[in-house]
Amino acid sequence: MTTGFDQYECDCTRTGYYGENCTTPEFFTWLRLTLKPSPNTVHYILTHFEAAWSIINNIPFLRDAIMRYVLMSRSHLIDSPPTYNSDYSYKSWEAYSNLSYYTRSLPPVGLDCPTPMGVKGKKELPDSKLIVEKFLLRKKFIPDPQGTNVMFTFFAQHFTHQFFKTDHKKGPGFTKALGHGVDLNHIYGETLERQLKLRLLKDGKLKYQMIDGEMYPPTVKDTQADMIYPPHVPEHLQFSVGQEVFGLVPGLMMYATIWLREHNRVCDILKQEHPEWDDEQLFQTSRLILIGETIKIVIEDYVQHLSGYHFKLKFDPELLFSQRFQYQNRIAAEFNTLYHWHPLLPDTFQIAGGKNFPAAVQKVAKASIDQSRQMRYQSLNEYRKRFMLKPFKSFEELTGEKEMAAELEELYGDIDAMELYPGLLVEKPRPGAIFGETMVEIGAPFSLKGLMGNAICSPEYWKPSTFGGKVGFEIINTASLQKLICNNVKGCPFTAFHILNPEPTEATINVSTSKTAMEDINPTLLLKERSAEL
């Protein structure tokens, strides 16, 4: 904190450090840092030695102990209660209580600092359009060694739209998703008014229509719930779901349709178990079950694929019941920024690292940089230190090559002035991985804290009676991506977040993962103009 106009004082309380700038480690801090393996070493261990991990995965107490450590070590990196927001660089009741703000992991760079990044780098940041065109735009396929497909891409986009909803009228530091987590408002609507428009108000179900013997969302005409569609989409194909933008992208409407079917399927099961329940209890309990299914699929299918680990991740809230853990969550602005994974979007679908942003969404990349500057994010290296990573010493260490490193150094002047978002995208990926170290080591704590901090994971909620008894509890505990598809799509097509052919061509990637897979599930939603709209 400041002490006068030109002095400051660092508060080292419970940091494990001491000294004028809290940079000298205490003995046990030094010992822990000395003995603790680096994140890259841990990642190497988890992504190699498959035979050893297959044994560990089948020994329950070992698997539970490792999973508990993963959850706690990640979650402890997230401040709870929240500390800062884009308008308050000091702790205040407003920063804590005003849910319309995204929270912040690091306070904004001071307005009186000599450079945009604090004290390092040039007096002015390089033009954001130049950064996008020179370092982020895709010029050539960069293969993804994990074989990620568009089922993963659209799941990521569909899932995160429930809590990444920036309120652009107020500014990039504000959110419209006041639930700050997994509440499935993208299925049920973010307001009670929208929810009631989507509900059938009978047997707990959501409104639907039948097309060729299969269930689809109702039309906008049937619900009067606002949706955003291109002008050429005919009225009978303007489906109405919880998130108003899902009609713009076929993959998002595909998942919306599947979750609609799942909700109504669960309602049928609960109705049979509890004929005494009214519409409201059937609806509310089904929503809790779908929240549980979502969290389990995200951890055991989605994050499992993203991690590349041979260790089998596990969703089990009871692992944390004996731990010091707070069941609350606030979405951070930095989490929203780093999750702009537009390199995942295909014109051809293989990804990794910088220079892989599709030209069609370059405006999004520029906006991400501009909004980061508006919120005065601290530098990439400051965020690395905040999340217990060693700061990069040079641009070459960041990028893993010389040419781009030299160009970045010319523009930014100092590695400690490298911006967060461009830095995340140009960082060299880990061997065999989809992202670099920083993206994973910052993103994982936000993700796991948000998932496990959900109310249904608390001891008060996590019991069969919350979910309508053993049958509802079993639906959650046996959920998977494959089971979600099998229960709601004719023929139970094989489904995964990775391509099936280990060495596909560029053509087969586009056909097998974006066109054929989605047509199997929902042929009426694949508009002829799909590519242009994307």
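None of the values given here were measured: they were computed from a predicted structure. (Residues numbered from 1 in each chain as written. Predicted model: local features only at pLDDT ≥ 70, side-chain atom pairs only at ≥ 80, totals over all residues. Heavy atoms only, no water.)

Each helix and strand in the protein chain was counted, giving 23 helices and four strands. Scaling as 2.2 N^0.38, a compact globule of 534 residues should have a C-alpha radius of gyration of about 24 Å, and the protein chain matches this with 24 Å. Taking the principal axes of the C-alpha coordinates as reference, the protein chain spans close to 70 × 50 × 50 Å. Buried residues in the protein chain amount to 54% of all 534 residues. When contacts within the protein chain are restricted to residue pairs at least 6 apart in sequence, those whose partners lie at least 24 apart make up 68%. One finds the centroid of the 57 positive side-chain charges in the protein chain at a distance of 1 Å from the centroid of its 63 negative side-chain charges. (Helix = DSSP H or I, 4+ residues; strand = E, 2+ residues; numbered from the N terminus. Rg over C-alpha atoms; globule rule 2.2 N^0.38 Å. Buried < 20%, exposed > 50% of the residue type's maximum accessible area, 1.4 Å probe, protein only. Contact = heavy atoms within 4.5 Å. Lys, Arg positive; Asp, Glu negative; His and termini not counted. Charge placed at Lys NZ, Arg CZ, Asp CG, Glu CD.)

Bringing empty space enclosed by the protein into the picture now. In this approach a probe as big as a water molecule rolls over the atoms, and the regions it shows empty are the leftover space. Under the counting rule described, the total for this entry stands at eight cavities of 30 Å³ or more. What lines the largest cavity is a set of 16 residues, and nearest its centre among them are I78, D79, P82, T103 and R330. A breakdown of the residues in the lining of the largest cavity according to their chemical character gives five nonpolar, six polar and five charged. (1 Å grid on protein atoms, 1.4 Å probe; cavity = no way out; pocket = protein on both sides within 12 Å on 5 of 7 lines; lining within 4 Å. Points joined across faces, edges and corners; volume = space filled by probe spheres on them. Nonpolar A, V, L, I, M, F, W, Y, C, P; charged D, E, K, R; others polar.)

Quick look at unusual backbone geometry now. Cis rather than trans, the peptide bond between S80 and P81 has omega equal to 10°. Its identity as a non-glycine residue notwithstanding, D203 has a phi of 60°, on the positive side. Mapped onto the fold, D203 is located in the loop between α9 (192–198) and β3 (209–211). Under the relative-accessibility criterion, D203 is labelled partly exposed at 26%. Positive phi values are uncommon outside glycine, yet C492 reaches one of about 45°. Tracing the backbone through its elements, the reader meets C492 in the loop between α21 (481–486) and α22 (506–521). For C492, a relative accessible area of 36% gives the class partly exposed.

That is the geometry; function is a separate question.
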